[in-house]
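# Fold and geometry: a report
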Amino acid sequence: MGSTGMTDFPKCWSCERPAGTADTCAACGKLQPPRASDYFAYLGIPRSYHVDLDRLGEVLREKSRQFHPDRFARAEPRERTNSLSHTTYLNDAVRTLRDPQRRAEYVLSLYGLKAGANDRERAKMDPSFLMEMMEVREALADAKAAADKPALDKIGSQAKSERDALLAKAEARFAAWEQDLANKKPLEDVVPLLDKIRYFEQIVAEAAGLPIH
């Protein structure tokens, strides 16, 4: 990845001159396809776990207006396609960075690390933790079979507390990384935390009767 997060002056699809790094060609003004290397570069915000959500909302509104398909209704087919590509990429970026779990997994993915929903089948879990999860799931299954709402609420509440505690630890490790972006160790420390968080998230969802993602 380059330091700008963008490719180096690609040619414009329309005039074939260097388009620059902006969303529109510096030479002819035609809308280019998304070229950012990651969501942070695309949105023009610092690469960080601790995102300014107010600023994220501002960027969403600004770019939504800029790329809205209605603005390109009379444009060439290529520009209309690029408008839709920007809109899709923008929505994916904001949806990911707004959610703490998805944002954490995304930041890790930028450094070649997989956790949580990413590559879960290869996650290396502590056997004692897996045994604990089996016991919780057995209790959850019994409570669901008996339609025991108080028991389900208790299981869900305990799992939520465990999840939140793990997320707090992950946030602290991200904060350590943000003090020294060249140090990958804090990010590596986050991986097992996110793997465990996913287990508790599933329990919370099942206890509440919610669909599991």
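Here's a quick rundown of the structure. (Residues numbered from 1 in each chain as written. Predicted model: local features only at pLDDT ≥ 70, side-chain atom pairs only at ≥ 80, totals over all residues. Heavy atoms only, no water.)

The phi angle at Glu16 is positive, at roughly 65°, despite the residue not being glycine. Assignment of secondary structure puts Glu16 in the segment before helix 1 (39–43). The residue Ala147 is not glycine, and still its phi comes out positive at about 50°. By the element assignment, Ala147 lies in the loop between helix 5 (127–145) and helix 6 (149–179). (Helix = DSSP H or I, 4+ residues; strand = E, 2+ residues; numbered from the N terminus.)

Within the largest apolar cluster, 50 residues are counted, with the highest numbers of intra-cluster contacts made by Phe40, Leu43, Ile45, Leu97, Leu108 and Phe174. Elements supplying a minimum of two residues to this core: helix 1, helix 2 (53–67), helix 3 (77–98), helix 4 (100–109), helix 5, helix 6 and helix 7 (185–208). The contact partners of Leu43, leaving out residues within four places of it in the chain, are Leu56, Val59, Lys63, Leu90, Ala93, Val94 and Leu97. (Core = buried A, V, L, I, M, F, W, Y, C linked by side-chain atoms within 4.5 Å. Buried < 20%, exposed > 50% of the residue type's maximum accessible area, 1.4 Å probe, protein only. Contact = heavy atoms within 4.5 Å.)

Per the counting criterion, the structure on display carries nine aromatic pairs. Measuring from ring centre to ring centre gives 4.3 Å for Tyr49 and Phe174, while their planes differ by 5°; the resulting arrangement is stacked. Highlighted residues: Tyr49 in the loop between helix 1 and helix 2 and Phe174 in helix 6, separated in sequence by 125 residues. Residue classification places Phe174 among the buried residues on the basis of a relative accessible area of 1%. Between Tyr111 and Trp177 the ring centres are 5.6 Å apart and the planes differ by 75°, which places this aromatic pair in the edge-to-face class. Within this pair, whereas Tyr111 is found in the loop between helix 4 and helix 5, its partner Trp177 is found in helix 6, the two being separated by 66 residues in sequence. A residue is classified by how much of its surface remains accessible, and Tyr111, at 23% relative accessible area, is partly exposed. (Phe/Tyr/Trp six-rings, centres within 6.5 Å; stacked < 30°, edge-to-face > 60°.)

Contact geometry for helix 3 and helix 4: axes closest at 5 Å, N-to-C directions at 105°. One way to sum up the angle between helix 3 and helix 4 is to call them roughly perpendicular. Judged by residue contacts, Arg95, Thr96, Leu97 and Arg98 of helix 3 engage Pro100, Arg102, Arg103 and Tyr106 from helix 4. Residue composition of the contact of helix 3 with helix 4, grouped by class: three nonpolar, one polar and four charged. (Axes fitted to C-alpha atoms, helices over the stretch in contact; angles between N-to-C directions. Parallel < 35°, antiparallel > 145°, perpendicular 65-115°, else oblique. Nonpolar A, V, L, I, M, F, W, Y, C, P; charged D, E, K, R; others polar.)

What follows deals with helix 6. Given a rise of 1.5 Å per residue, 31 residues ought to cover 45 Å, and the 45 Å separating the end C-alpha atoms of helix 6 matches this to within 8%. If you check which residues of helix 6 are buried, you get Leu152, Ile155, Gly156, Ala159, Arg163, Leu166, Leu167, Ala170, Phe174 and Trp177. Lining the buried residues of helix 6 we find helix 4, helix 5 and helix 7. With a side-chain oxygen positioned 3.2 Å from the backbone nitrogen of Ala151, the residue opening helix 6 is Asp148. (Expected span 1.5 Å × (residues − 1). Polar contact = N/O pair within 3.5 Å; in protein donor to acceptor, adjacent residues only side chain to side chain.)

Side-chain pairs of opposite charge can arise where the charged atoms are in close proximity. On inspection of all chains with the given rule, the structure shows 16 salt bridges. Across the salt bridge formed by Lys30 and Glu79, the nearest N and O atoms sit 3.8 Å from each other. In this pair, Lys30 sits in the segment before helix 1 while Glu79 sits in helix 3, placing the two residues 49 residues apart along the sequence. Residue Arg198 is joined to Glu201 by a salt bridge in which the shortest nitrogen-to-oxygen separation is 3.2 Å. With Arg198 and Glu201 both in helix 7 and three residues apart, this pair spans about one turn of that helix. A residue is classified by how much of its surface remains accessible, and Arg198, at 15% relative accessible area, is buried. Using a relative accessible area of 22% as the deciding quantity, one classes Glu201 as partly exposed. (Salt bridge = Lys/Arg side-chain N within 4 Å of Asp/Glu carboxyl O.)

Let's shift gears to helix 2. Side chains of residues three or four places apart in an α-helix project in the same direction, reflecting 3.6 residues per turn. Relative to the 21 Å expected for 15 residues at 1.5 Å per residue, helix 2 spans 21 Å between its end C-alpha atoms, a close match to the ideal helical length. By the burial criterion, the buried members of helix 2 are Leu56, Gly57, Val59, Leu60, Lys63 and Phe67. Around the axis of helix 2, the buried residues are gathered within 160° of arc, so they sit on the same side. Exposed and oriented more than 90 degrees from the buried face of helix 2 are Asp54 and Arg65. For helix 2, the secondary structure elements touched by its buried residues are helix 1 and helix 3. (Arc of directions from axis to C-beta.)

Distances and angles like these do not, on their own, reveal function.
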